[in-house]
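What follows is each chain in one-letter form.
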Amino acid sequence: RTILDNPQLVRRKKVLDLGSGCGAVAIAAMASGATMVVANDIDPDAATAVLANAELNHISGDIVTETRDVLNGNFDIIEDIDVLLIGDMFYDEHIGGSVLNLCKKFKALDRSKDILMGDPGRWFLETSSEVDSLFWCMAKHTLTEECRRENYGFHHGMVWRFR
C-alpha cells in the first residue's frame, strides 16, 4: 500500500524486492514507475508466482526473478539497486539479524540508497534496539479482518524506513 500511495519512493529507480513471495511488492513498484525490479525469493515457486501475477495484473516492464540467497552472500545483486524493499522477513533472530546486516551493507554502498521494510510487528522487530536505531516507522496500515485471521491476530502492517 505504501508504494502505491507514494510512487515517488520507487519512480525511475531500480528496486530489489527481497523475499518477494507472490510478487505483490514487486508489482506495486513496477506499477509506481520503477525502471526495473528484481523479485528475489529463495523459493523457485515464488519466481513463477511473481511472473504469473505480473501478467494477471497487466504489468509490463522489467521484472527480473532471482532465486539466489542474498542474505548469505550473492551481494552482487544489490550493487546496482537504488531501493531495497523488504516484506515480512523478521520471523526469528537469525533471519532478522541477516536482514539487518544486508541493510547495513546496502546503505554502506551509497547513503542515498533507500530501504523500506514492511512488518506486522513480529517480536524481533519489536524487541531489537538495533532496529530502533537504524529505522523509523513511516506508515502504519490497519489490516482487514480476514488478513488478521490469516496472520495470527496481527492488527497492523508497519513500514519502516532506514534513517
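In what follows, the structure referred to is the one given above.
A few words now on the overall build of the protein chain. In terms of regular secondary structure, the protein chain is built from 7 helices and 7 strands. What you see in the protein chain, going N to C, is helices and strands ordered as α-β-α-β-α-β-β-α-β-α-α-β-α-β. Relative to a compact globule of 163 residues, whose C-alpha radius of gyration would be 15 Å, the protein chain shows 15 Å and is just as compact. Principal-axis analysis of the C-alpha atoms places the extent of the protein chain at approximately 40 × 40 × 30 Å. A total of 163 residues make up the protein chain; the buried ones form 45% of that total. When contacts within the protein chain are restricted to residue pairs at least 6 apart in sequence, those whose partners lie at least 24 apart make up 64%. Summing over all exposed atoms, the protein chain offers an accessible surface of approximately 8,400 Å²; the carbon and sulfur share of this is 51%. Side-chain charges of the protein chain comprise 17 positive and 25 negative groups, with the mean position of each set lying 8 Å from the other.

Turning our attention to the side chain of Ser32. Within the element layout of this structure, Ser32 appears in the loop between α2 (24-31) and β2 (36-40). Reaching out from Ser32, the side chain makes a polar contact with the backbone oxygen of Ile3 at a distance of 3.3 Å. Once you skip the residues sitting within four places of it in the chain, Ser32 turns out to touch Ile3, Leu4, Pro7, Val10 and Arg11.

Turning to its location among the elements, Asp45 is positioned in helix α3 (residues 44-56). You can call Asp45 exposed: its relative accessible area is 58%. C-alpha separation for the pair Asp45 and Cys22, spaced 23 residues apart in sequence, amounts to 8.8 Å.

Scanning the entire structure with this criterion turns up 1 aromatic pair. Measuring from ring centre to ring centre gives 5.1 Å for Phe135 and Phe162, while their planes differ by 80 degrees; the resulting arrangement is edge-to-face. Highlighted residues: Phe135 in strand β6 (residues 135-142) and Phe162 in strand β7 (residues 156-162), separated in sequence by 27 residues. Phe162 shares its class with Phe135; the two are buried.

Turning our eyes to something else, we now look at α2. Looking at α2, one finds that the buried residues are Ala26, Ile27, Ala28, Ala29 and Met30. On the buried face of α2, the contacting elements are α1 (2-5), β1 (14-18), β2, α3, β3 (63-66) and β4 (83-87). Just beyond α2, the residue with positive phi is Gly33, at close to 100 degrees.

What counts, and at which threshold
Residues numbered from 1 in each chain as written. Predicted model: local features only at pLDDT ≥ 70, side-chain atom pairs only at ≥ 80, totals over all residues. Heavy atoms only, no water. Helix = DSSP H or I, 4+ residues; strand = E, 2+ residues; numbered from the N terminus. Rg over C-alpha atoms; globule rule 2.2 N^0.38 Å. Buried < 20%, exposed > 50% of the residue type's maximum accessible area, 1.4 Å probe, protein only. Contact = heavy atoms within 4.5 Å. Areas by Shrake-Rupley, 256 points an atom, 1.4 Å probe, with all protein chains shown as cover. Lys, Arg positive; Asp, Glu negative; His and termini not counted. Charge placed at Lys NZ, Arg CZ, Asp CG, Glu CD. Polar contact = N/O pair within 3.5 Å; in protein donor to acceptor, adjacent residues only side chain to side chain. Phe/Tyr/Trp six-rings, centres within 6.5 Å; stacked < 30°, edge-to-face > 60°.

Interpretation in functional terms is not warranted from these geometric data alone.
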